[in-house]
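Understanding the architecture of this molecule
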Amino acid sequence: MAKDKKFVEEITPMNQDFTQWYTDVIKKADLVDYSSVRGCMIIRPYGYAIWEHIQRELDDRFKKTGHENVYMPMFIPESLLQKEKDHVEGFAPEVAWVTHGGSEKLTEKLCVRPTSETLFCDHYKNIIHSYRDLPKLYNQWCSVVRWEKTTRPFLRTLEFLWQEGHTAHADAEEAQEETIRMLNVYAEFCENVLAIPVVKGQKTEKEKFAGARNTYTIEALMHNGIALQSGTSHNFGDGFAKAFEIQYTDKNNQLQYVHQTSWGMTTRLIGALIMVHGDDSGLVLPPRVAPVQVVVIPISQHKEGVLEKASEICSRLSGSFRIRMDDSDKSPGWKFSEYEMKGVPVRLEIGPKDIEKRQAVLVRRDTREKSFVPLDELEDSIAGLLDSIHMNLLDKATRLRDEKTFTVVDFSQFEQIINETPGFIKAMWCGDRACEDTIKEKTGATSRCIPFDAEPVSDKCICCGKEAKTLVYWGKAY
RNA sequence: CGGGGUGUAGCGCAGCUGGUAGCGCGCUUGGUUUGGGACCAAGAUGCCGCAGGUUCGAAUCCUGUCACUCCGACCA
């Protein structure tokens, strides 16, 4: 069937080799280029534009929840990094150090921030004195460096872009509320902007952030059944406050420690987008972050009036959509394939026949469905199409996740699923670290999270058979 | 950090039984085309990843090194 014909020939099919597919897509869609520094990447205009839309959407949500943006230094003195014991131990293996300034050796090494808890704490100590100074709701957009062993564009690079929220509150309840509030913001953002369904839950002791009291996470499932931690929100309790002596005087003139949170999302989300929505023709971008929402392709553009009509439509619609015309002298077929690879949600074709009939051809990227729309109805049709594409992507991703989510009460079944049909595995756990370690050792799966709305599926731990405490989502993860 | 693979034109590759580099795509120019990756003609493009060594002579053989990539251990 012509319908099944593959139009894009330069991308390895997903089911043949998923990682190669991923590499092909990011290169062919011009998202990144490799850099001369090992493990780093150059984010190209098309990739960066996606990030800018992610930033804008997230930043709006942060502002609406009362947060302010700040900027902290990129360097952390060694002594500062070491103030909170668990925190240093967690990050020590992967920090980059600056030892020289020019040709002079520094008296104290500077760490290139892997995260900025210590910087925020050091600052909070100076500016928080009274309950009237609370809460402090700060966020920063920056890059951080973690010296990883193996890297993969967007999913794990030595340097990556992110935002890190850092807040300080008067009491434990308020900090906990903030932690959950921001987790919910993340989940809502993933679904409404990225069209990615997520599982919300709490990390186990083993998987939680170094220095945190509790870590909450949103977990997404990629096309190949591998889980991706897509955002985390941490409640620090007063652990950092005690290490950094961040105290304030309360209404009763008593000294109190603050309670803190932090939460972050990274350029990894772009990797998630690719691996959740992409197909064998390349990227499929959710309309709300697509740098170009509509690409206009004039057909027989050398003919009288075609380019004029196409430009006219383009400028008319540019107030409503991110729209671009390609009037290069490539053949139309080439352009079709090109913008499919790049995941542009809607293609608008306009040629002599259309002009005669006062219509345009709209083709949606997700289903390739074609429609013929009168020129004066384009605004409404496109707006409807973009919404429909978003909903369809979310539906498809949700179905895929549900199909790849298994409930398991028997260990051999667990192993079988991980090996044969990877995905989320819902299984009961006794709460012991030993069982978590054993499961990882035997299956390669880690605990992704303890979901909030969990119904027990049995009363015995999947690993040791003893009394189970909670349901856990398990899976292989990036 | 362990194991495998790969580095030759912008991209994908051939050349690896030593004799000084080729193909396809892309790029430039001109013409014909244009509703699913068009065609013809004429061009341009190389420190053969890098550093040593063997040799009269190295893309080719040897040693080292760096990068990319895949698979495992650690992490967003």
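Each residue is numbered by its place in its chain's sequence as written, counting from 1. Chain labels run from A onward and ligand labels from 1 onward, assigned in the order the entries are written. Two thresholds apply to this predicted model, a pLDDT of at least 70 for residue-level local features and 80 or more for giving and counting side-chain atom pairs, whereas whole-chain, interface and lining totals are computed over all residues. For the side-chain quantities, the full set of heavy atoms in the structure was used; hydrogens and water were omitted.

1. Here's the deal with the domain arrangement of chain A
Quite often, the size of an interface is put as the accessible area lost when its parts meet. Inclusion rule: Each domain's limits were defined by an automated method or a database of domain assignments. The term buried area refers to how much accessible surface (probe radius 1.4 Å) is lost by two components on association, counted for both of them together. Definition used for salt bridges: Asp or Glu carboxyl oxygen within 4 Å of a side-chain nitrogen of Lys or Arg. Nitrogen and oxygen atoms within 3.5 Å of one another constitute a polar contact, given that in protein one can donate a hydrogen and the other can accept it, and given that sequence-neighbouring residues count only through two side-chain atoms. Each helix is a run of H or I in the DSSP string that is no shorter than four residues. Each strand is a run of E no shorter than two, and both are numbered from the N terminus.
Domain assignment breaks chain A into domain 1 (8-277), domain 2 (294-389) and domain 3 (405-475). Summarising the inter-unit geometry, the C-alpha centres of domain 1 and domain 3 are found 27 Å apart. Between domain 1 and domain 3, the buried area comes to about 1500 Å², and carbon and sulfur atoms account for 66% of it. For the interface between domain 1 and domain 3, the tally reads two salt bridges. Across the contact surface, domain 1 and domain 3 share eight residue pairs in polar contact (both at pLDDT 80 or more). For the side of domain 1 that touches domain 3, the secondary structure elements donating two or more residues are helix H6 (172-192), strand E9 (199-202), strand E10 (214-221) and strand E11 (227-237).

2. Here we look at the sheet that holds strand E7 (residues 136-145)
The cut-off we apply is this: Between any two strands, at least two bridges found by DSSP are needed for them to pair.
The strand order across the open sheet formed by 11 strands is E3-E7-E8-E14-E11-E10-E9-E22-E23-E21-E20, and the pairing between neighbours is mixed. On the outer flanks of this sheet lie strand E3 (68-69) and strand E20 (405-407), each paired with one strand and no other. Judged from the four bridges that link them, E9 and E10 form a sheet pairing that is antiparallel. Opposite Gly201, over in E10, you have Thr217 as the bridge partner.

3. Focus on the nonpolar core
Soluble globular proteins tend to pack their nonpolar side chains together in the buried interior. Short version of the rule: Definition used in this section: a nonpolar core is a set of buried Ala, Val, Leu, Ile, Met, Phe, Trp, Tyr and Cys residues joined via side-chain atoms within 4.5 Å. For every residue, the accessible area (1.4 Å probe, protein chains only) is compared with the maximum for its type, and the residue is labelled buried under 20%, exposed over 50%, or partly exposed between those bounds. Any two residues whose heavy atoms approach within 4.5 Å are treated as being in contact.
Trp21, Leu31, Ile54, Phe154, Phe189, Leu194 and Ile274 are the most contacted members of the largest nonpolar core, which has 58 residues in total. At the level of secondary structure, the elements contributing two or more residues to this core comprise helix H1 (18-28), helix H2 (45-64), H6, E10, strand E14 (259-266), helix H8 (268-277), strand E15 (294-298) and helix H10 (332-341). Shared between two domains, this core takes at least three residues from each, and those domains are domain 1 (8-277) and domain 2 (294-389). In this structure Leu194 touches Ile54, Phe189, Leu269, Leu273, His277, Pro286 and Val289, once residues within four positions along its chain are discounted. Phe91, Ile128, Ala212 and Val258 belong to the second largest nonpolar core, which has 25 residues in total.

4. Things to note about the pattern of salt bridges
A complete count under the given rule lists 27 salt bridges for this structure. With a closest N to O distance of 2.7 Å, Lys63 and Asp59 form a salt bridge. Here Lys63 pairs with Asp59, and both are found in helix H2, just four residues apart, close to one helical turn. On the basis of relative accessible area, Lys63 is assigned to the partly exposed category, the value being 43%. Accessibility expressed as a relative area gives 14% for Asp59, which makes it buried. For Arg181, the salt bridge goes to Glu178, with nearest N and O atoms at 2.6 Å. On the criterion of helical spacing, the pair formed by Arg181 and Glu178 is a turn pair, its members being three residues apart in helix H6. Glu178 gets classed as buried once you look at its relative accessible area, which sits at 0%. Within this structure, Glu340, Arg347, Glu349 and Arg368 form a network of salt bridges that share partners.

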